[in-house]
Number of protein chains: 2
Amino acid sequence: MEGMIYIVGMGPGNRGMMTGDAYEAVSAADVIVGYTVYTELMAKIVPGKKFVSTPMRHEIERCRRCFELAKEGRRVALICSGDAGVYGLAAPMLEMAADYPDIDIAVVPGITAANSGAAVLGAPLCHDYCVISLSDLLTPWPVIERRLRAAVLGDFAIAIYNPSSHKRKDYLQRACTILINAGAKPDRACGYVKNIGREGTLKTCCTLEELWNADVNMFTTVFVGNSQTRVIDGRLVTPRGYVIHTRESYE
Amino acid sequence: MEGMIYIVGMGPGNRGMMTGDAYEAVSAADVIVGYTVYTELMAKIVPGKKFVSTPMRHEIERCRRCFELAKEGRRVALICSGDAGVYGLAAPMLEMAADYPDIDIAVVPGITAANSGAAVLGAPLCHDYCVISLSDLLTPWPVIERRLRAAVLGDFAIAIYNPSSHKRKDYLQRACTILINAGAKPDRACGYVKNIGREGTLKTCCTLEELWNADVNMFTTVFVGNSQTRVIDGRLVTPRGYVIHTRESYE
């Protein structure tokens, strides 16, 4: 008897930011597989379930484990933070699925940090936007650099994932320099959010120049506005294009 | 007494794809404001609530209405499909908020069509991606064209919103031509999803060339892969970069 695998985007890590379908999938699972940080968060949301965790950087082992558990007839939920289809394990799972033609797989979407972080800051992604990761573990840096340049060329608002890590302390500074050299003005409206949806959520609005000195870590999502983005009453807003006559604009 | 406004992303339109926080916000609201199509969907999810609907293209009137209701002391939920912060009313609301300094506003994120549609197709956005709308109601076409070109230049996967409408029948064809002229190969892996999360969900994988003839409407979200995207067992997958030894790769 073959099982079934749900690849579940859990959002930032609390019940309120999970979808109903995601909650159902983990609640109904025989076993929940994930990176330790996320299985620990999930154990608070669905206590008493069976969890299997593997450490960071053991992603392929984690994927393979899901298929083995499903082959034994179990209903498996593989959990990823945010959306499993955004820098998550949905892609490697679907690549690996070629080895297990009898196992059914469903991808359950979740709120990715671009969208949850945007809501904390205001509405920085309310027009066309790009999502770019600065992690060069799996992507050569020149590809990342090319994408940052293209984002400025297209005047996209940008959500930046993985702006820093222990080994990559200066990557956000490098990115800021690339964006400015590509034509983004140093006073471009930007912002960043730490610990989205978790204890100690912290949001900051700043300019692109100030972003250079921002204190960011691997739990920070960074937003660079497009040329129209403004800070309004402490919120980062990329206009959709409507003409709005506020009192301010009459004065 | 001043009220409070929640700007709520309801996802594609069913309870399963809404977050817990979004469901709470509409459940606790005194009045739910939205475009008719979405208030009707929401009335099935939270029956018995008071709804105020305004027709399409009356977005600014709808926003203003929320503030008036809140000024009377009501707790208002303004609902948008997908994520209110992605081509939704979060931006105009936060711009208009300057007129109503005493009213509190919170943005509650939702699953936007890029992510819900990606999950239906597989994992087309599992690496850096762009979200681009082809609607030129509020954005000049040359800006849209420039963004499509930049997306190819950066080798982003692309989620395309509003690929067609009554007045813009050929916009997706124009977009395909721009992408190919910018260097995307005609056999680039693509896909599209109709009626995500609603009755009659329909998914199709195709090439960029075939996309030209795709039958799309205003309820379709289109995905153009990056240069690495492949169709694997009928699913559209943009690899994250892991090395995966499938049986296939051993053969």
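Data block above holds the structure.
Below you will find a few notes about this structure.

About the thresholds
Residues numbered from 1 in each chain as written. Chains lettered and ligands numbered in written order. Predicted model: local features only at pLDDT ≥ 70, side-chain atom pairs only at ≥ 80, totals over all residues. Heavy atoms only, no water. Buried < 20%, exposed > 50% of the residue type's maximum accessible area, 1.4 Å probe, protein only. Helix = DSSP H or I, 4+ residues; strand = E, 2+ residues; numbered from the N terminus. Pairing = 2+ DSSP bridges. Right-handed = clockwise from strand over helix to strand, strands pointing away. Least-squares fit on C-alpha atoms with pLDDT ≥ 70 in both. Contact = heavy atoms within 4.5 Å. Salt bridge = Lys/Arg side-chain N within 4 Å of Asp/Glu carboxyl O.

### So, the pairing of strand 8 (residues 157-161) of chain A
Residues and elements named next belong to chain A. Burial runs high along strand 8: five of the five residues are buried. Across the two faces of strand 8 the burial is the same, with Ala-157, Ala-159 and Tyr-161 and Ile-158 and Ile-160 all buried. Pairing of strand 7 (residues 129-133) with strand 8, which is carried by five bridges, proceeds in the parallel orientation. Counterpart to Cys-130 in the pairing with strand 8 is Ile-158. Chirality of the crossover, the property in question, places the unit of strand 7, helix 6 (residues 141-153) and strand 8 among those that are right-handed. Relative to strand 11 (residues 220-224), strand 8 is paired through three bridges, and the arrangement is antiparallel. Of the residues in strand 11, the one forming a bridge with Ile-158 is Val-224.

### Looking at the relation of the copies chain B and chain A
Each copy of the sequence occupies a distinct position, and chain B is placed on chain A by a rotation of 180 degrees and an axial shift of 0.0 Å, giving an RMSD of 0.0 Å. Classification of the inter-copy transformation places it as that of a two-fold axis. Interface overlap between copies is the fraction of interface residues in one copy that are interface residues in the other; for chain B against chain A it reaches 100%, indicating a shared surface.

### Re the pattern of salt bridges
Using the criterion set out here, one finds 14 salt bridges over all chains in the structure. Among the ionic pairs, Arg-64 of chain A bridges to Asp-99 of chain A, the shortest N-O distance being 3.1 Å. Here Asp-99 of chain A lies in the loop between helix 4 (90-96) and strand 5 (104-108) and Arg-64 of chain A lies in helix 3 (residues 59-71), a separation of 35 residues in the sequence. Take Arg-64 of chain A: its relative accessible area is 21%, and that puts it in the partly exposed class. Here Arg-230 of chain A ties to Glu-95 of chain B by a salt bridge, and the two come within 3.3 Å at their closest N and O atoms. Here Arg-230 of chain A is found in strand 12 (residues 230-232), whereas its partner Glu-95 of chain B is found in helix 4 (residues 90-96) on a different chain. Residue classification places Arg-230 of chain A among the partly exposed residues on the basis of a relative accessible area of 39%.

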